[in-house]
Amino acid sequence: MLYSPYCSLGCYRDTKHTGCTESFYKAQVEEEMHLQKADEQAKKQMYEIVQRFREQVDDDTAKISEIGFKDVDSDDDSDEDDDESSLENRFKGVNLDYSTEQTFEIWSRLTDREKEKFLEMIGKDDISEIISLWNPWWLTKSTKPIITEVGSEELDTIPAINDIGVPVQKLAKKVHPSVIFQIVHLSTAYVYMMRHTNGEPRGENLVASFRDMASVAPLLTSKAAEVYQSTQEVMTTAFCNIDIELSVQAKISLLSDMTAIFGTPRFVAAMMSDIYSLIKETISDTQNLKRNGLKRSAVQNAERRVYFLLSVVLQMLSDTTAWEFIKADIAMVQRRFESEERAFSSKNVDKQIKI
């Protein structure tokens, strides 16, 4: 059986969801993408890509010179290099918007050699040749106990657990069972944000990182959190919030990250501690908040909610059964998408054979 994406939680619960067509959402997504402006992270990555293949072009030219080869157009290239300004000067004043016009503007400022190298690089499957990929801390293999000494090597990669020291009973008279699914929802937002920022959520990316998480998990900024009844329900909502046309492979990748986190209870505590730390830092960055039009009250609301959920996680830290259940639940959703991916691939193969 194939599992179709849904546009919202209400649609997910409605047996007549077939009326929601993918073409409608595709048009909405495309329109939104045209309206969006590049954030600081996008600008930084674009500059790094251009700078990277510029350096590779220079390296290739140097290697050719060392082994005694001479390009037929070497004199022309030399004149071009002498006349062209630095990469920074050539891109000075360029607004890296998500628009066709800006794409042509950026392309026009590249030299012929840079254009050729860029086309060669993006034709490869390994994106690590363009951008250094971040290795997620939750993929760290460790058998160390929950409490480790400060200054240990592992603490340099895994976020420190913030023992807030406040029992859940002091924060709420009764904890609804659905809070566990709120934690799952936040974990989806966290791994997506960390992947989106390539492991650099702080600094100039701080506000963008918070918005990433809040867009995937609106419970951060809403007055009342959605009450979920299953992990499948959570994932349906979260994936739709990321992108209605999010690929099955991308969903599988995010789910794999989540199973890695929930497979180790202290990783869940480390994740929630990192989210809490990021939100606290966002609140303190007043200038960045004003510059990006983010209301301080919205972030403070997120701080209170995450503080409560962190308290819940810390109290459940030794309850391995609960975390194993969540991990198994997430893994089940992952297997469903993997089955869908295999079925889709098999269908395409059958079509090619018939052709």
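Here, the structure is the one placed above.
Keep in mind that this is a model prediction, so the values were computed, not measured.

Reading the values: the criteria
Residues numbered from 1 in each chain as written. Predicted model: local features only at pLDDT ≥ 70, side-chain atom pairs only at ≥ 80, totals over all residues. Heavy atoms only, no water. Helix = DSSP H or I, 4+ residues; strand = E, 2+ residues; numbered from the N terminus. Buried < 20%, exposed > 50% of the residue type's maximum accessible area, 1.4 Å probe, protein only. Axes fitted to C-alpha atoms, helices over the stretch in contact; angles between N-to-C directions. Parallel < 35°, antiparallel > 145°, perpendicular 65-115°, else oblique. Contact = heavy atoms within 4.5 Å. Nonpolar A, V, L, I, M, F, W, Y, C, P; charged D, E, K, R; others polar. Left-handed = near helix turned anticlockwise from the far one by under 90°. Salt bridge = Lys/Arg side-chain N within 4 Å of Asp/Glu carboxyl O.

Caption draft 1: Region of the structure containing the overall build of the protein. Assigned secondary structure in the protein consists of 15 helices and 0 strands. Of all 355 residues assigned to the protein, the portion counted as buried reaches 40%.

Caption draft 2: Local environment of the packing of helix α11 (residues 248–262) against helix α12 (residues 265–284). Between α11 and α12, whose axes approach to 6 Å, the crossing angle comes to 110°. The angle between α11 and α12 falls in the class roughly perpendicular. Residues Ala 260, Ile 261 and Phe 262 of α11 pack against Phe 267, Val 268 and Met 271 of α12. For the contact of α11 with α12, the residue count by class is 6 nonpolar, no polar and no charged.

Caption draft 3: Spatial organisation of the environment of Asp 163. With respect to the helices and strands, Asp 163 occurs in the loop between α7 (112–122) and α8 (179–196). When its relative accessible area of 62% is taken as the criterion, Asp 163 is described as exposed.

Caption draft 4: Inspection of unusual backbone geometry at higher detail. The residue Asn 198 is not glycine, and still its phi comes out positive at about 55°. Within the secondary structure, Asn 198 sits in the loop between α8 and α9 (206–216).

Caption draft 5: Up close: the packing of α8 against α9. Where α8 meets α9, the axes come as close as 8 Å, and the angle between the chain directions of the two elements is 140°. Considering the angle they form, α8 stands oblique to α9. Crossing of α8 against α9: the hand is right-handed. Only Ser 209, Asp 212, Met 213 and Val 216 of α9 make contact with α8, whose side of the interface consists of His 185, Thr 188, Ala 189, Tyr 190, Tyr 192, Met 193 and His 196. Class assignment of the residues belonging to the contact of α8 with α9 gives a composition of 6 nonpolar, 4 polar and 1 charged.

Caption draft 6: Examining the pattern of salt bridges more closely. Per the counting criterion, the structure on display carries 4 salt bridges. Between Asp 274 and Arg 202 there is a salt bridge, with the nearest N and O atoms lying 2.9 Å from each other. Remark: Arg 202 occurs in the loop between α8 and α9 and Asp 274 occurs in helix α12; sequence separation between them is 72 residues. We classify Arg 202 as partly exposed; its relative accessible area is 31%. The closest approach of N and O atoms between Glu 303 and Lys 280, which form a salt bridge, is 3.2 Å. Of the two residues, Glu 303 is situated in helix α14 (residues 296–315) and Lys 280 in helix α12; the sequence distance between them amounts to 23 residues. The exposure class of Glu 303 is buried, given its relative accessible area of 16%. Using a relative accessible area of 38% as the deciding quantity, one classes Lys 280 as partly exposed. Salt bridges linked by common partners bring Arg 202, Asp 274 and Glu 281 together as one network.

Read these as spatial facts, not as claims about activity.
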